[in-house]
Amino acid sequence: MSSDDGTQTAISTAPVLDTDGVPRGQPAVDGLVQLLNLERLDDNLFRGVSPEVSPTRVFGGQVAAQALVAAGRTVPSDRPVHSLHAYFLRPGSPERPIIYQVDRTRDGRSFTTRRVVALQHGKPIFTMSASFQVDEPGVDHALPAPLDVPPPEVLPGFAERIAPVREYLDVWGRVPRPLDIRYVDDPPWLARLSGPRPAAHSRVWFRTDGDLPDDDLLHVCLLAYMSDLTLLYSVQTTHGLAMGFDRMQVASLDHAMWFHRPFRADEWILYDTSSPSASGARGLGTGHFFSADGRLLATVVQEGLIRLR
């Protein structure tokens with residue numbers, strides 16, 4: 001990840017393959033870091049690209065993370081982001097760069113506000129407002145972490161989980177794996193075999209599958225990236241559905257996050273998601289991120305399109 005002085009994080013090139021031949025480990029992590037290393041075109045203008053192996057439309061978590069990088073590059077480093085609110089407007093093409101235009105909305109004594117528009121073909125595909133704040137003392141309380149969750153070390157890895165269904169996952173089974181993901185509950189393609197599960201939770205442990213630089217903005221942006229991976233699983237599992245197995249269209253519509261406490265994305269984080277409602281071909285997912293020692297790190301809410309065909 002480059003800084004304003006032009007320095008770059010070293011990128012490893014030695015291939016590390018998972019048991020099914022997919023790149024993983026530190027080279028894959030370095031590739032994800034480089035993905036967030038936006039090119040600065042002007043003071044408030046940035047350009048990002050997509051991975052060589054991508055689905056037919058840009059992954060929403062990538063756009064959110066890159067937009068947050070663009071916003072954060074215009075804010076003093078002593079003001080971490082505390083919230084973001086975003087809308088996915090159009091599907092993005094992974095074959096073309098994405099231009100991120102930052103509006104320096106407000107610079108106050110304690111808070112800084114930025115608005116980012118992601119553009120392709122001259123049209124907005126994504127908009128985000130993000131708020132940054134200087135560190136301040138104050139009241140402190142938090143939702144406790146779930147108690148009935150096994151540690152990640154005893155859970156099977158992602159390659160083992162998807163092995164029986166790789167042929168159904170299309171490109172998602174072939175993209176590099178910079179994240180070590182351990183499912184606590186059955187993922188949708190297994191949970192659907194048991195039918196609908198009302199009020200179901202979908203919980204995963206994750207961390208980057210390698211070390212990250214000491215860059216607070218990078219770790220926050222990677223959490224934004226991770227937040228879009230499994231958030232709508234809880235909607236699908238509630239109804240006994242799974243994308244790729246049932247005839248439905250799934251897409252992120254909007255996304256909001258609140259960052260509560262510092263963390264590192266290369267340490268284990270528990271992501272606990274559930275769905276309070278689904279109606280009108282839309283499903284609402286809520287999620288909480290907890291550290292391995294039980295601290296509440298962040299909260300996310302997203303509404304997604306769940307259109308049955």
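Residues numbered from 1 in each chain as written. Predicted model: local features only at pLDDT ≥ 70, side-chain atom pairs only at ≥ 80, totals over all residues. Heavy atoms only, no water.

Per an unreviewed UniProt entry, the protein is named Acyl-CoA thioesterase 2, and its organism is Nakamurella flava. Taken directly from UniProt, the Subunit (unreviewed entry) text for the protein runs: "Homotetramer." (UniProt positions renumbered as here; feature names shortened; annotations may be inferred.)

Another point: the confidence of the model for the protein. Per-residue pLDDT for the protein has a mean of 89; in total, 89% of the residues score no lower than 70. The model gives residues 1-15 a pLDDT under 50, and that stretch makes 27 contacts with residues more than four places away or in other chains. (pLDDT = per-residue confidence, 0-100. Contact = heavy atoms within 4.5 Å.)

Pairing geometry for strand β4 (residues 98-107) and strand β5 (residues 111-120), over seven bridges, is antiparallel. Counterpart to Gln-101 in the pairing with β5 is Val-117. The antiparallel hairpin formed by β4 and β5 contains three residues in its connecting segment. Direction of pairing for β5 relative to strand β6 (residues 123-133): antiparallel, over a ladder of 10 bridges. Residue pairing in the sheet places Gln-120 in a bridge with Lys-123 of β6. Linkage of β5 to β6, two consecutive antiparallel strands, is achieved through a turn of two residues, within which His-121 is found at a positive phi near 55°. (Pairing = 2+ DSSP bridges. Helix = DSSP H or I, 4+ residues; strand = E, 2+ residues; numbered from the N terminus.)

Summed over all chains, the structure comprises eight aromatic pairs. Ring geometry for Phe-206 and Tyr-271: centres 6.1 Å apart, planes at 85°, overall edge-to-face. Here the residue Phe-206 occupies a position in strand β8 (residues 201-208), and Tyr-271 occupies one in strand β10 (residues 269-279), the gap between them amounting to 65 residues. What makes Phe-206 buried here is its relative accessible area of 3%. (Phe/Tyr/Trp six-rings, centres within 6.5 Å; stacked < 30°, edge-to-face > 60°. Buried < 20%, exposed > 50% of the residue type's maximum accessible area, 1.4 Å probe, protein only.)

Attention shifts here to helix α5 (residues 216-227). Over its 12 residues, α5 extends 17 Å from the first C-alpha to the last, a length consistent with the 16 Å expected when each residue adds 1.5 Å. In terms of burial, α5 is a largely internal element, 10 of the 12 residues being buried. At the N-terminal end of α5, a side-chain oxygen is found 3.1 Å from the backbone nitrogen of Leu-217, two or three residues along, and the residue is Asp-215. (Expected span 1.5 Å × (residues − 1). Polar contact = N/O pair within 3.5 Å; in protein donor to acceptor, adjacent residues only side chain to side chain.)

What follows deals with the sheet that holds β10. With antiparallel pairing, the 12 strands of this open sheet are ordered in space as β1-β2-β4-β5-β6-β3-β9-β12-β11-β10-β8-β7. Here the strands that pair on one side only, and so sit at the sheet edges, are β1 (39-42) and β7 (179-183). Shown here is a sheet whose adjacent strand axes are inclined to one another by a mean of 25°, direction ignored. In the packing of helix α2 (residues 60-72) onto the sheet, contacts are made with β2 (45-48), β3 (81-88), β4, β5, β6 and β9 (248-259), and the angle to β6 comes to roughly 55°. Across the face of the sheet, α5 comes into contact with β3, β7, β8, β9, β10, β11 (282-291) and β12 (296-308) while running at roughly 150° to β9. (Axes fitted to C-alpha atoms, helices over the stretch in contact; angles between N-to-C directions.)

To continue, consider the pattern of salt bridges. Following the criterion strictly, the structure yields 12 salt bridges and no others. Note that Glu-303 is salt-bridged to Arg-282, the shortest N-O span being 3.0 Å. Of the two residues, Glu-303 sits in strand β12 while Arg-282 sits in strand β11, which places them 21 residues apart along the sequence. By relative accessible area, which is 36% here, Arg-282 ends up partly exposed. Each member of the salt-bridge network shares a partner with another, and the members are Asp-148, Asp-185 and Arg-203. (Salt bridge = Lys/Arg side-chain N within 4 Å of Asp/Glu carboxyl O.)

Here the focus is the environment of Ile-98. Mapped onto the elements, Ile-98 comes out in strand β4. Accessibility expressed as a relative area gives 0% for Ile-98, which makes it buried. Taking the C-alpha atoms as reference points, Ile-98 and Leu-119, separated by 21 residues in sequence, lie 5.8 Å from one another. Look past the residues within four positions of Ile-98 in its chain and what remains in contact with it is Phe-46, Arg-47, Gly-48, Val-58, Gln-62, Val-63, Gln-66, Ala-118, Leu-119, Gln-120 and Ile-125.

Core analysis: the largest hydrophobic core is formed by 63 residues, its most contacted members being Leu-68, Tyr-100, Phe-126, Leu-223, Phe-259 and Phe-289. Grouped together as the second largest cluster of nonpolar side chains are eight residues, Trp-205, Leu-270, Phe-290 and Leu-296 included. (Core = buried A, V, L, I, M, F, W, Y, C linked by side-chain atoms within 4.5 Å.)

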